[in-house]
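Architecture and fold: a report
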Amino acid sequence: MGAEIARVVEELGLPLAGAVNVYRQQAEQPFPAPGIELYAADHPMPNEEGVRGVKRMIRLLRDADEKTLVIATISGGGSALMGVPADDSISLADYCHTCALLLSVPAAIDEVNCVRKHIDLTKGGRFRKCAPNAGAFVTLAVSDVPVCSSGLSDDPSVIASGPTIGDNSTFADAKAVLTKFHIWDSCPASVRAYLERNQGVVGTTNETLRPDSCLLRSDISQYVMMSNNDQAMRCAADVARSLGYDAELVPQKIDGEVTQVRLDVVALLIAVRWRSGCGKRQASGCSSTLTRKLRPQSRGCASPPTASTATVAALAPW
């Protein structure tokens, strides 16, 4: 998406001060565009290349002045792809180990992201904080978070852990999540010390960006939802119908651990099939935000068992 935006800027004849694209290294490398620096990050755990890419972004943001329009494009997986420890006292290995602990328990995606926001340099609006002098700041987002524990769909503060949006959570909230799932004592000492050091400190610059911040005034800061899971599902249904299927989308959204969600999804699809009867070419679909548990086996992040949060947008033909 970043390359497309850069091309639009170029077509409009606007000078491009700089552009950085942090993408998943397992994916196909983005089509190169003039002036865009590429960094191959990783998912579900950040890597050093991703850290370098985000720090390069931060340098560009800090150079932005009143004549600069910042365009931030955000899509699924941003929490991991843009993972950067909040403080030099937290190593990337300790950061990854904490994330692995969170993915080993049945925490909702917004609970996971609450902790991420408070051990990360850019999440919870802190990315927006890096450009205090920018003339305007526009975020173009693609949501992969159809529903979270609060019941909200496409919550901007949860998508990629809300790097450019206001956030009300606190260091105390982050500690509460770790305590709730009994993993506080298992967290690296550096992470526990950082959270406790900042807890309750009034006016700390390490806190997330408050929703009433002047940086989020509507005349200088806009957040645009470009697409979401519902749109992806509708497009999939349209394609299925064009192929001759009787497509039905299940409105219920499911959030949870993948081993349980997959059973719920199958039960929903079977129920749809039973209601519709036989004799039709059918395609049924539903959407979920999934969390896959992993067992944190080491403090490193090079080769933990696979885990991720993802959006399912699929049609199951019968």
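Since we're looking at a predicted model, the values are computed, not measured.

Digging into the environment of methionine 57
In this fold, methionine 57 is placed in helix H2 (residues 48-63). Residue methionine 57 is classed as buried on the basis of its relative accessible area of 12%. Spatially, the C-alpha atoms of methionine 57 and glycine 18 are 8.8 Å apart, while their sequence positions differ by 39 residues. Not counting the four nearest positions on each side in its chain, methionine 57 is found in contact with Val20, Val22, Met82 and Phe127.

Digging into the pairing of strand E3 (residues 69-74)
Burial of E3 is one-sided: the residues Val70, Ala72 and Ile74 facing one way are buried, the residues Leu69, Ile71 and Thr73 facing the other way are not. Bridging between E3 and strand E4 (residues 136-142) involves six bridges; their strand directions are parallel. Looking at E4, one finds that leucine 69 is bridged to alanine 136.

Thoughts on the pattern of salt bridges
What the rule picks out here adds up to 10 salt bridges. Of the charged contacts in the structure, one is a salt bridge between lysine 117 and aspartate 167, with a shortest N-O distance of 2.7 Å. Residue lysine 117 is located in helix H5 (residues 109-117), and its partner aspartate 167 is located in the loop between E4 and helix H7 (171-180); the two are separated by 50 residues in the primary sequence. Grouping residues by exposure puts lysine 117 and aspartate 167 together as buried. With a shortest N-O distance of 3.1 Å, lysine 175 and glutamate 196 are connected by a salt bridge. Of this pair, lysine 175 sits in helix H7 while glutamate 196 sits in helix H8 (residues 189-198); the two residues are 21 residues apart in sequence, bridging distant segments of the chain. By relative accessible area, which is 44% here, glutamate 196 ends up partly exposed.

Definitions and cut-offs
- Residues numbered from 1 in each chain as written.
- Predicted model: local features only at pLDDT ≥ 70, side-chain atom pairs only at ≥ 80, totals over all residues.
- Heavy atoms only, no water.
- Helix = DSSP H or I, 4+ residues; strand = E, 2+ residues; numbered from the N terminus.
- Buried < 20%, exposed > 50% of the residue type's maximum accessible area, 1.4 Å probe, protein only.
- Contact = heavy atoms within 4.5 Å.
- Pairing = 2+ DSSP bridges.
- Salt bridge = Lys/Arg side-chain N within 4 Å of Asp/Glu carboxyl O.

Taken by themselves, the reported measurements are silent on function.
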